[in-house]
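Working through the structure, step by step
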2 protein chains.
Amino acid sequence: MPPFDVPEGDPFGPHNLPYGVFSTPSSPRTVGVRLGDHVLDAGAAAGALGSPYADLLARPTLGPLLAAGRTAWSDVRRALTAWVTVPAHQEVIADFLHPLPSVELHLPFEVADYVDFYASENHARNVGQIFRPDGEALTPNWKHLPIGYHGRSGTVVVSGTDVVRPSGQRKTPADAAPVFGPSVKLDIEAEVGFVVGVPSALGRPVGLGDFREHVFGLCLLNDWSARDVQAWEYVPLGPFLGKSFATSVSAWITPLDALEEARLAPPERTHELLPYLDDTVPEVEPGGYDLRMSVAINGHEVSRPPFATMYWTAAQQLAHMTVNGASLRTGDLYGSGTVSGPTADERGSLLELTWNGRDVLELPDGKRTFLEDGDVVTLSAWAPGPGGARVGLGDVVGRVVPGDR
Amino acid sequence: MPPFDVPEGDPFGPHNLPYGVFSTPSSPRTVGVRLGDHVLDAGAAAGALGSPYADLLARPTLGPLLAAGRTAWSDVRRALTAWVTVPAHQEVIADFLHPLPSVELHLPFEVADYVDFYASENHARNVGQIFRPDGEALTPNWKHLPIGYHGRSGTVVVSGTDVVRPSGQRKTPADAAPVFGPSVKLDIEAEVGFVVGVPSALGRPVGLGDFREHVFGLCLLNDWSARDVQAWEYVPLGPFLGKSFATSVSAWITPLDALEEARLAPPERTHELLPYLDDTVPEVEPGGYDLRMSVAINGHEVSRPPFATMYWTAAQQLAHMTVNGASLRTGDLYGSGTVSGPTADERGSLLELTWNGRDVLELPDGKRTFLEDGDVVTLSAWAPGPGGARVGLGDVVGRVVPGDR
């Protein structure tokens, strides 16, 4: 009998091995690898096994591992896989497994620049119809480039962090002047976040085919949004305070290597793509990922957004983000944009689920249009893995709390 | 005769003392203070004088000084003033003065989040008329809040760094589909940047009156802009690749304490302000600064933007940026937005100076609508100082170079 056991079919089994940063009451932050409902102290295990990767893993952040590059990522993953599956290694590492409830999980890396995209056609059409009912749902540029903007990296927080309801200006057509107060349209955006490991040089675009050389892995991301603040402020320079108060990410970063079976081709494009975005040529990988997401409020599922339906891929977003010569840094994070599928129960925001408050969501604990104080929002997801197994992504959990004022 | 001499009236005399980070061929990066056409190795001087501030100054970045807070900022400045003016100290520090041409200047701090505002009414009206000729020049929110958005902090570069002409998508009404190539409307934006020293807690707004507790000082900033890229991409989420390829800042950060004589009241507002932005109440400082800016191309002055005309102040921008609970970090940088005065020769961008290319600027070396490869752009500025002296801000110099493709 092995010294520890992960149940058959556990979405965090040895085929997954996502990375995070944890601490315990008696030990400081260090890199952890999730295995079932335990966290492996990866640096301590590496040290005990005499692994050359102890230097990348016995760190208070994922930064050095992220910066180490694709070959190191694969080598470390291969080593970890051996440690958790080969009996002789299992004996050694069993001492470095901590039950999840006994540790505190932290933001796993320092976020450099944070960019958020807008890559779901269903989402963009819904938002366009809601905010610009008299115009075309999609702006003329939407099918030609992955629209994105920079967000606030300093307010990216780890799953479990409370989110203070933001105050701000809002103005409805009925108001003669803007009014100030706590947002009355606090919303979520269910997204996937991509984590850049390897930097690039200023002035040098990163091509579509170099996606896997620069991007280490992905996480779930909740781009909290104050719709009333956003609607008043966003013309002409885009969202600012309606988004900048908090962005929550999962504590676990799933390496791309764990998602080989989840890769798929993106939906067919309706418009010809410029060469730097053209992923239909044979030498470029398809770029899509089959991630099945779920949104729950207070434990009640309200939506199942399908990431496979995204129009623009993460590789295209990376190519676009750098085509002007903008450089990448280790720790850059970019969000996919809200993931919404074609059906009403696949929408990734309350804005869409309630059509900006027109419709009401019936939850076991009451009706909702937007979020109430005390609401706990949980994003979760899984992807197809090897042999029918599921690859679990880390949850993003956040509770809404009122501000002081 | 003192061991060193700064000419009477030098804008970088002992009344100024801006901070930067320099290195020499034989010594690594450390904090420098500009005095005339020399740089004082501040940490080495502090060490030789037995100053308690050596720990804040003998560092490769301004970060620790920025984080130290208002009391420390004033104490360090008082000490530096004594070192450069009291003969006994002058003897000691003379050994630690390096001629400017002998040092390399670096980005003086790690930029955390970078935000850019849009606070000049003249600029916003000009841009509105150019980009939205059929609508109101100012959007309905403009007089109610300082409009801003997040930029890319990873591409903030120090003065002297070449700027590679960005490529990107553009589409004019005459184009059936977007075309790709090097920007044909590369522009500048003459701005002032404000540097945050003291962080704030997530969920806690920073009030108007706390501006000087959090903001250490200011610099000049050139927010390079590819107007053709920007025009095609910016609806609905704002500027992205049209700006993210480079933002240049001066190597010198002028502390607010050096600008006491330059403080003034902002222009009268035409709309009532919500309380968190209302700087007309007596207990709040006026918030404006009298900075006289100059824009030159290849040494030829093309504009003199007056910062005193800005509608929104840096204190209002800070209060707005945090009113939703967004936290500040040491090293946050925010730009004023392009500074444009009311007259045609006071405009801070070529977009405005040439009215989007309709008019031509006659320079000694030829005609310009937008920037040509090889052009060197220089922003400079001064402010009124004590006893009629000028306080010089550090120049921002950048040369446009073609991309590889």
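Residues numbered from 1 in each chain as written. Chains lettered and ligands numbered in written order. Predicted model: local features only at pLDDT ≥ 70, side-chain atom pairs only at ≥ 80, totals over all residues. Heavy atoms only, no water.

In the annotation of an unreviewed UniProt entry, chain A is listed under the name fumarylacetoacetase and assigned to Streptomyces griseorubiginosus. As recorded by UniProt, the Pathway (unreviewed entry) comment attached to chain A reads in full: "Amino-acid degradation; L-phenylalanine degradation; acetoacetate and fumarate from L-phenylalanine: step 6/6." (UniProt positions renumbered as here; feature names shortened; annotations may be inferred.)

Residue and element names in this part refer to chain B. Sheet architecture is open: 5 strands sit in the order S4-S3-S2-S1-S5, paired in antiparallel fashion. Two strands close off the open sheet at either side, each with one partner strand: strand S4 (97–99) and strand S5 (104–106). Averaged over all adjacent pairs, the angle separating strand axes in this sheet is 45 degrees, with direction ignored. On top of the sheet, helix H4 (residues 70–85) reaches strand S1 (19–24), strand S2 (27–35) and strand S3 (38–41); it is set at about 60 degrees to S1, its chief contact. (Pairing = 2+ DSSP bridges. Helix = DSSP H or I, 4+ residues; strand = E, 2+ residues; numbered from the N terminus. Axes fitted to C-alpha atoms, helices over the stretch in contact; angles between N-to-C directions. Contact = heavy atoms within 4.5 Å.)

So, on to the environment of Trp 312 of chain B. Residue and element names in this part refer to chain B. Looking at the element boundaries, Trp 312 is found in the loop between strand S21 (300–303) and helix H9 (314–322). Trp 312 sits 300 residues away from Phe 12 along the chain, and the two C-alpha atoms are 28 Å apart. When near neighbours in sequence (up to four residues on either side) are disregarded, Trp 312 contacts Ala 119, Trp 142, Lys 143, His 144, Leu 145, Pro 146, Arg 269, Leu 273, Leu 277 and Gln 317.

Frequently, the measure chosen for interface size is the accessible area removed from exposure when the parts meet. Residues and elements named next belong to chain A. Domain boundaries assigned for chain A yield domain 1 (19–106) and domain 2 (114–401). One C-alpha centre belongs to domain 1, the other to domain 2, and the line joining them spans 29 Å. With 19 residues of domain 1 at the interface, the matching set in domain 2 holds 19 residues. Around 1500 Å² of area is buried between domain 1 and domain 2 when both sides are counted, 67% of it from carbon and sulfur atoms. A per-residue breakdown of the area domain 1 buries against domain 2 is headed by Tyr 19, Leu 66 and Arg 70, which together make up 41% of the total. (Domains from an automatic or database assignment. Buried area = accessible area lost by both parts, 1.4 Å probe.)

What follows is about the packing of aromatic side chains. A complete count under the given rule lists 22 aromatic pairs over all chains for this structure. Summarising the aromatic geometry, the rings of Phe 117 of chain A and Phe 240 of chain B are spaced 5.9 Å apart at their centres and angled 80 degrees between planes, so their arrangement reads as edge-to-face. On the criterion of chain membership, the pair formed by Phe 117 of chain A in strand S6 (residues 114–117) and Phe 240 of chain B in the loop between helix H8 (227–233) and strand S16 (247–249) is interchain, its members lying in two chains. On the accessibility criterion, Phe 117 of chain A (1% relative accessible area) is buried. Judged by centre distance (5.9 Å) and plane angle (80 degrees), the ring pair of Phe 117 of chain B and Tyr 334 of chain B falls under edge-to-face. Separated by 217 residues along the polypeptide, Phe 117 of chain B in strand S6 (residues 114–117) and Tyr 334 of chain B in strand S22 (residues 333–335) bring together distant segments of the chain. Each member of the pair, Phe 117 of chain B as well as Tyr 334 of chain B, is classed as buried. Three or more aromatic residues link up through ring pairs in this structure, and these residues are Phe 117, Phe 194, Phe 211, Phe 307 and Tyr 334 of chain A together with Phe 240 of chain B. In this structure, Arg 34 of chain A packs its charged tip against the face of Phe 12 of chain A, placed 3.6 Å from the ring centre. (Phe/Tyr/Trp six-rings, centres within 6.5 Å; stacked < 30°, edge-to-face > 60°. Buried < 20%, exposed > 50% of the residue type's maximum accessible area, 1.4 Å probe, protein only. Lys NZ or Arg CZ within 6 Å of the ring centre and 35° of its normal.)

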